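Reading the structure
The lines below spell out each chain.
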Amino acid sequence: MEISKRYWNSNATAMTAYTPGFQPPPDAALIKLNTNENPFPPSPKVIEAVRQLPVDYYRLYPPALWDTLRMSISTAYGVPEDCVFCGNGSDEILSLIFRTFTDPGDRLLLVDPTYSLYPVLASASGVQTDKLPLSQDFTIDFAALPVNGYKLICLPNPNAPTGMLAQRAQLENFISRFQGLVVIDEAYIDFSDDPEQSSCVPLISKYNNLIVLRTFSKSFSLCGLRAGYAFACNSLIAGLMTVKDSYNMNIVTQIAAAAAVSDMEYMKKNSRIIAEIREQSRRHLEELGFQVEPSQANFLLISHPKLKMAELHRFLVNRKIHLRYFPELPEYLRLTIGTREQMDKFFLNLVDALD
Ligand SMILES: *Cc1c(COP(=O)(O)O)cnc(C)c1O
């Protein structure tokens, strides 16, 4: 039946939905390097915690304020509990940030390219987006970013889909000057060379306009459970608390995420392996004539002077290897770092494509 927008509000009517990457059911024959999932399983402690969950927990409502999980995050990061927020994926927290802090007609500042969910959430809230193109080398020219006239800026660090990491000192200088809220989305920071030195989490005690987003999806291998968290001063967290659904995170996710954050060593070890495979893959790609952007995340943005990326994408899909093609970035493909075995198969097929 044809879609009627008769009862839709004006924001929903005007907007275009986010396009998620191809998400088939798990299939060992398929090499899925398209949505930045972690190729390794979550910590065995996570699986054990979920297995041990007493059946009564399914019957009862979950802790509305994620007590155990929030305490575990607070301990692991050395941040007071009232500066920690948890959500159904960091995407939900992003959505709540718009619903809590923006009014229709406010403006959102983004760099371009960046995570394409931000403008979708903005338009759902009647917020206008301005995009400032990144430099040719995909770095952010902080001096060129306006600091007035915007309610909000969302900056992933490392950025997506480029993988480019900005230095904390540069970000701090910008946060101190920006007149609106700054969201630093650290979805990929655990894959960077020195996460502790690069993270903006220590800055939340200093700046009352800063929200740092984290997720259990990427480095903790828990995309399917939907668990995100955020750090900010207690005034911003209190705002999010006011607007959130009463039970915004289910009990299985809370238990699993608490177990994951209590096993940091496991996450860090996997993240180092992925960073290592990333650098080997970069060298290999460059030998094959690809241009590879300098990434500090679990993916590489690649292009080739002689190959059409849309065609290469199709070629690989026919071989059951999925990379991400963004129609708005037709010269590039984004390659999620998989296991060594997956990357070997990818390279075997890539060489065929180059023949
Ligand atoms: C993957 C990703 C997220 C989403 O994380 P979830 O916690 O799975 O919702 C947020 N921001 C960026 C930049 C991402 O790439």
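Before any of the text, the structure's been laid out above.
Let me begin by describing the structure that accompanies this report. On a predicted model such as this, the values are computed, not experimentally measured, just so you know. (Residues numbered from 1 in each chain as written. Predicted model: local features only at pLDDT ≥ 70, side-chain atom pairs only at ≥ 80, totals over all residues. Heavy atoms only, no water.)

Observations regarding the nonpolar core
Formed by 81 residues in total, the largest nonpolar core has its most connected members in Ile73, Phe216 and Phe231. Not counting chain neighbours up to four residues away, the residues in contact with phenylalanine 231 comprise Ile73, Tyr77, Val79, Cys83, Val84, Val201, Ile204, Leu210, Ile211, Val212, Arg214 and Ile237. In terms of nonpolar packing, the next biggest core, distinct from the first, is built from 29 residues, Ile31, Leu33, Ile337 and Leu350 among them. (Core = buried A, V, L, I, M, F, W, Y, C linked by side-chain atoms within 4.5 Å. Buried < 20%, exposed > 50% of the residue type's maximum accessible area, 1.4 Å probe, protein only. Contact = heavy atoms within 4.5 Å.)

Re the site of the ligand
All residues adjacent to the ligand are Gly89, Ser90, Asp91, Tyr115, Asp185, Ala187, Tyr188, Thr215, Ser217, Lys218 and Arg226. Aspartate 185 is positioned such that a nitrogen or oxygen atom in its side chain is 2.6 Å from a nitrogen atom of the ligand. Residue tyrosine 188 places a side-chain N or O atom 2.5 Å away from an oxygen atom belonging to the ligand. Here the ligand has 390 Å² of accessible area as a free molecule, and 93% of this is covered by the chains. Each residue belonging to the shell around the ligand can be placed in one class, and the counts come to three nonpolar, four polar and four charged. (Near = heavy atom within 4 Å. Polar contact = N/O pair within 3.5 Å; in protein donor to acceptor, adjacent residues only side chain to side chain. Areas by Shrake-Rupley, 256 points an atom, 1.4 Å probe, with all protein chains shown as cover. Nonpolar A, V, L, I, M, F, W, Y, C, P; charged D, E, K, R; others polar.)

Structural notes on the side chain of asparagine 270
Looking at where asparagine 270 falls in the secondary structure, it is placed in helix H11 (residues 264-287). Judged by its relative accessible area of 5%, asparagine 270 falls in the buried class. Every residue in contact with asparagine 270, bar those within four places of it in the chain, is listed here: Phe40 and Pro41. (Helix = DSSP H or I, 4+ residues; strand = E, 2+ residues; numbered from the N terminus.)

Brief notes about the environment of serine 72
By the secondary structure assignment, serine 72 is in helix H4 (residues 67-77). For serine 72, a relative accessible area of 16% translates into the label buried. The sequence separation of serine 72 and lysine 45 amounts to 27 residues, and the corresponding C-alpha distance is 14 Å. Apart from the residues within four sequence positions on either side, serine 72 is in contact with Ala258, Val261 and Ser262. A distance of 2.8 Å separates a polar atom in the side chain of serine 72 from the backbone oxygen of threonine 68.

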